[in-house]
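Spelled out, the chains give:
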Amino acid sequence: ECNIDIRDVNSITHTEFIEEYAYAKPVILRGLTDNTVRAVILLCIRSNLLREYAEKMVRLSTANTHSYRKVDVRFEEFVKFLLTPQPKDILGSDTLYFFGDNNFTEWHSLFEEYKAPPFSLPLMHPAYSFGIAGPGTGVPFHWHGPGYSEVIYGRKRWFLYPPDEAPEFHPNHTTLSWVSLSYPNLELHQRPLECTIRPGEVLYFPDRWWHATLNLDTSVFISTFLG
Ligand SMILES: *[C@@H]1O[C@H](CO)[C@@H](O)[C@H](O)[C@H]1NC(C)=O
Ligand SMILES: *[C@@H]1O[C@H](CO)[C@@H](O)[C@H](O)[C@H]1NC(C)=O
């Protein structure tokens, strides 16, 4: 089920993006970037990532709404021990998530290959974040400035609400627990905008929109924050 507009490369111009979506509502852009066929996907394959980055330190954050705790581990240790399916009853505040806090010197070869979504916003400059996460993991509801999210590998489900329609959720609970416990009880008018994005698709979210994500597979993803 997907109730977010999907526009493909031939059906939208930059002007239309600005007028219809940039300040108004999320949209999924399909086929605008070619990262699925670029070297970036080769770099993102597990064995290649491990070969290149095994010894590097990565900074993990707890997966709750206010990301309290940060932990530094070797990338290899993260892939071998922490990149596993998420148990349903674990707290977001006890889940370690690898997303952002990237050392751009060490991950240079990956970011250099990445081709960002083409539509910019006036006066905004892009900043990239890279992450990898196991099935069932995700970030619970939170909000910030506008941006894009692309999966290089895997599938990621998105749930979004407008800035003035904050969803009910516990900040320390995972998206998985929200999806299994709260979501089924939502009234029709309380349902989020939602969709699963796959390689070749980029989700755009406007400023201050609430969003939560759920990785359906082991996923490799890059976000472009327009700050
Ligand atoms: C980033 O990585 C480089 C090269 O390994 C290292 O010298 C530098 O201290 C790191 N920066 C941070 C903020 O950890
Ligand atoms: C969430 O977890 C953090 C860290 O364990 C704790 O300090 C905080 O009080 C918790 N918040 C709520 C609302 O339970």
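Residues numbered from 1 in each chain as written. Chains lettered and ligands numbered in written order. Predicted model: local features only at pLDDT ≥ 70, side-chain atom pairs only at ≥ 80, totals over all residues. Heavy atoms only, no water.

Engineer: So what's going on with the site of ligand 2? Residues and values would help.
Structural biologist: Residues in close proximity to ligand 2 include Tyr68, Ser93, His170 and Asn172, which together make up its full environment. At a separation of 2.3 Å, an oxygen atom of ligand 2 approaches a polar side-chain atom of Asn172. Considering ligand 2 on its own, with 360 Å² of exposed area, one finds that the protein chains cover 40% of that surface. Taken together, the residues of the shell around ligand 2 break down into 1 nonpolar, 3 polar and no charged. (Near = heavy atom within 4 Å. Polar contact = N/O pair within 3.5 Å; in protein donor to acceptor, adjacent residues only side chain to side chain. Areas by Shrake-Rupley, 256 points an atom, 1.4 Å probe, with all protein chains shown as cover. Nonpolar A, V, L, I, M, F, W, Y, C, P; charged D, E, K, R; others polar.)

Engineer: Could you give an account of the UniProt feature "domain: JmjC" (unreviewed entry) in the protein chain, with specific residues and numbers?
Structural biologist: Mapped onto the present numbering, the UniProt feature "domain: JmjC" (unreviewed entry) falls on residues 93–227. With 10% helix and 36% strand, residues 93–227 has end C-alpha atoms that lie 26 Å from one another. (UniProt positions renumbered as here; feature names shortened; annotations may be inferred. Helix = DSSP H or I, 4+ residues; strand = E, 2+ residues; numbered from the N terminus.)

Engineer: Give me the side chain of Ser93: which residues, what numbers.
Structural biologist: Looking at the secondary structure, you find Ser93 in the loop between helix 4 (75–82) and strand 5 (96–99). When near neighbours in sequence (up to four residues on either side) are disregarded, Ser93 contacts Thr62, Asn64, Arg69 and Asn172. (Contact = heavy atoms within 4.5 Å.)

Engineer: Now, about unusual backbone geometry: what can you tell me, with residues and values included?
Structural biologist: Phi is positive for Leu123, close to 65°, though the residue is something other than glycine. Note that Leu123 resides in the loop between helix 5 (108–113) and strand 6 (126–133). Positive phi, normally seen in glycine, also occurs at Arg208, with a value near 65°. Following the sequence through the fold, Arg208 ends up in the loop between strand 10 (201–205) and strand 11 (210–215).

Engineer: Give a detailed account of the pattern of salt bridges, specifying residues and quantitative values.
Structural biologist: Scanning the entire structure with this criterion turns up 12 salt bridges. In this structure, Arg74 engages Glu76 in a salt bridge whose closest nitrogen and oxygen atoms are separated by 2.6 Å. Look at Arg74 and you get partly exposed, because its relative accessible area is 27%. Given a relative accessible area of 21%, Glu76 falls into the partly exposed group. Ionic contacts of the salt-bridge type, sharing partners, join the residues Glu55, Arg74, Glu76 and Lys80 into one network. (Salt bridge = Lys/Arg side-chain N within 4 Å of Asp/Glu carboxyl O. Buried < 20%, exposed > 50% of the residue type's maximum accessible area, 1.4 Å probe, protein only.)

Engineer: Describe the packing of aromatic side chains, with residues and values.
Structural biologist: Within the structure shown, the criterion is met by 28 aromatic pairs. The interplanar angle of 90° and the centroid separation of 6.0 Å between the aromatic rings of Phe98 and Phe130 together place this pair among those described as edge-to-face. Of the two residues, Phe98 sits in strand 5 while Phe130 sits in strand 6, which places them 32 residues apart along the sequence. In terms of burial, Phe98 and Phe130 fall into one category: buried. Among the aromatic side chains, those forming a connected cluster through ring pairs are Tyr53, Phe75, Phe78, Phe98, Phe104, Trp107, Phe111, Tyr114, Tyr128 and Phe130. One residue, Lys156, lies across the ring of Phe221, its end atom 3.4 Å from the ring centre. (Phe/Tyr/Trp six-rings, centres within 6.5 Å; stacked < 30°, edge-to-face > 60°. Lys NZ or Arg CZ within 6 Å of the ring centre and 35° of its normal.)

Engineer: Got a sec to walk through the environment of Val179? Specific residues and values, please.
Structural biologist: In this structure, Val179 sits in helix 6 (residues 175–182). Judged by its relative accessible area of 23%, Val179 is partly exposed. Sequence separation between Val179 and Ile132 is 47 residues; the distance between their C-alpha atoms is 21 Å. Setting aside its immediate chain neighbours within four residues, Val179 contacts Phe159, Pro184 and Leu214.

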